[in-house]
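What follows is the residue order along each chain.
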Amino acid sequence: MSTRTPLIAGNWKLHNTVAESQALAGGVRKRVRDGLPCQVVVAPVATSLVPVRETLAGSAVGLAAQNVYWEDSGAFTGELSPALLLDVGCTHCIIGHSERRQYFGETDAGVRKKASALLVHKIVPIMCVGESLEQREAGKTLDVVLGQVEAATEGLDAVALAPLVVAYEPIWAIGTGRTAKAEDAQEVHRAIRDHLGALKGESWADTVRILYGGSVKPSNADELLAEPDVDGALVGGASLSADNFIPIIDAGVRRAES
Ligand code: PGA
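This structure is a prediction, so every number in the text was calculated from the model and none was measured.

### Observations concerning the overall build of the chain
Then step 1. Within the chain, the regular secondary structure consists of twelve helices and eight strands.
Then step 2. In terms of overall dimensions, the chain is globule-like: its C-alpha atoms have a radius of gyration of 17 Å, near the 18 Å expected for 258 residues.
Then step 3. Across its three principal directions, the C-alpha atoms of the chain cover 45 × 45 × 35 Å.
Then step 4. A total of 258 residues make up the chain; the buried ones form 54% of that total.

This is the structure in structure tokens:
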């Protein structure tokens, strides 16, 4: 169906102690054999990055941070840099999550700087975009989402952006149990890919993984992942238990094998 390797990412948000994070990572690791045709990444809280790296050592599961600052070092109290994330083995980093935009003032300009800094350090940005319910009901979904994509990639060409992952997460679907209909998700994913193609080149845009996020669970993962431009999932609540997360990984494997 697609030559893009599916990616299933677990966003653990502000949950889990070190011991709980390690136990969960250990459960995920059991499912992810070498050679699995679907890539799997987990994003623990910052204090669990190093212990989870130990739990995942030698496995194919990637390690993601949930946020980053764009400077390498300096007088930036409370921040973590791409260099430090690389130092503890991060392969990916979530940026621009709607919770960060809503509660911590993250802007498109900041997302662009974070993406750029991560790419320099060869850490894959998982760049989140998505509209609010109000924006959707006003018919502004594509304006909002494509505007976020454009602003966050401005000034970066396809070579610099090469490994970028985009996550489309309608805000009204996050943590609410409401999921976008598969065909509505597909429409937005296709529009994101077309827009990236027009801006940066179609051959690159064809390689970009676009994940869907927002109440993904075992019961809806297959339907979403059957859409041609839904290349994986960014999973919040259902990633907090291996019993729920593993069936979503299985759906990613089925997509890869279809
Ligand atoms: P959810 O969260 O799966 O709990 O809706 C998704 C996300 O915020 O990345």
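There's more to say after this.
### Quick word on the packing of helix H7 (residues 141-153) against helix H9 (residues 182-200)
Then step 1. Contact pair H7 / H9: the axes reach a minimum separation of 10 Å and the direction vectors enclose 40 degrees. Looking at the two axes, H7 sits oblique to H9. Crossing of H7 over H9 shows right-handed handedness. Every residue of H9 that contacts H7 at Thr141, Leu142, Val145, Leu146, Val149, Glu150 and Thr153 is listed here: Glu187, Val188, Ala191, Ile192, His195, Leu196, Leu199 and Lys200.

### Some thoughts on the nonpolar core
Soluble globular proteins: nonpolar side chains tend toward being buried together.
Then step 1. If you look at the biggest cluster of nonpolar residues, it comprises 68 residues, and the most contacted ones within it are Ile8, Leu85, Val166, Ile192, Tyr212 and Ile249.
Then step 2. Here the element with the most residues in this core is helix H12 (residues 242-257); it accounts for seven residues.
Then step 3. Once you skip the residues sitting within four places of it in the chain, Leu85 turns out to touch Leu49, Ala65, Asn67, Val68, Leu80, Cys90, Cys93, Leu118 and Ile123.
Then step 4. The next biggest cluster of nonpolar side chains, apart from the first, holds 13 residues, and it includes Ala9, Ala64, Val165 and Ala167.

### Digging into the site of the ligand
Then step 1. Neighbouring the ligand are 13 residues, the closest being Lys13, His97, Glu169, Gly175 and Ser215.
Then step 2. In the model, an oxygen atom of the ligand is placed 3.5 Å from a nitrogen or oxygen of the Asn11 side chain.
Then step 3. Taking Glu169, its side chain carries an N or O atom lying 2.7 Å from an oxygen atom of the ligand.

### Concerning the packing of aromatic side chains
Then step 1. Under the defined criterion, the tally for this structure stands at four aromatic pairs.
Then step 2. Arranged with centres 4.5 Å apart and planes meeting at 35 degrees, the rings of Tyr69 and Trp70 form a pair that is tilted.
Then step 3. On the basis of relative accessibility, which here comes to 17%, the residue Tyr69 falls in the buried class.
Then step 4. With centroids separated by 5.0 Å and ring planes inclined at 50 degrees, the aromatic side chains of Tyr69 and Phe76 adopt a geometry described as tilted.
Then step 5. Of the residues examined, Phe76 reaches a relative accessible area of 33% and is grouped as partly exposed.

### Digging into the sheet that holds strand E2 (residues 39-43)
Then step 1. With parallel pairing, the eight strands of this closed barrel are ordered in space as E1-E2-E3-E4-E5-E6-E7-E8. Averaged over all adjacent pairs, the angle separating strand axes in this sheet is 25 degrees, with direction ignored.
Then step 2. In the sheet, strand E4 (residues 92-95) pairs with strand E5 (residues 124-129) via four bridges, with the strands oriented parallel. Looking at E5, one finds that Ile94 is bridged to Ile126.

### Thoughts on the packing of helix H1 (residues 18-31) against helix H2 (residues 49-56)
Then step 1. The N-to-C vectors of H1 and H2 enclose an angle of 30 degrees; their axes lie 9 Å apart at closest approach. Between H1 and H2, the angle falls in the class roughly parallel. When the axes of H1 and H2 are compared, the crossing they make is right-handed. Residues Val18, Ser21, Gln22, Ala25, Gly26 and Arg29 of H1 pack against Pro51, Val52, Thr55 and Leu56 of H2.

Calculation notes
- Residues numbered from 1 in each chain as written.
- Predicted model: local features only at pLDDT ≥ 70, side-chain atom pairs only at ≥ 80, totals over all residues.
- Heavy atoms only, no water.
- Helix = DSSP H or I, 4+ residues; strand = E, 2+ residues; numbered from the N terminus.
- Rg over C-alpha atoms; globule rule 2.2 N^0.38 Å.
- Buried < 20%, exposed > 50% of the residue type's maximum accessible area, 1.4 Å probe, protein only.
- Axes fitted to C-alpha atoms, helices over the stretch in contact; angles between N-to-C directions.
- Parallel < 35°, antiparallel > 145°, perpendicular 65-115°, else oblique.
- Left-handed = near helix turned anticlockwise from the far one by under 90°.
- Contact = heavy atoms within 4.5 Å.
- Core = buried A, V, L, I, M, F, W, Y, C linked by side-chain atoms within 4.5 Å.
- Near = heavy atom within 4 Å.
- Polar contact = N/O pair within 3.5 Å; in protein donor to acceptor, adjacent residues only side chain to side chain.
- Phe/Tyr/Trp six-rings, centres within 6.5 Å; stacked < 30°, edge-to-face > 60°.
- Pairing = 2+ DSSP bridges.

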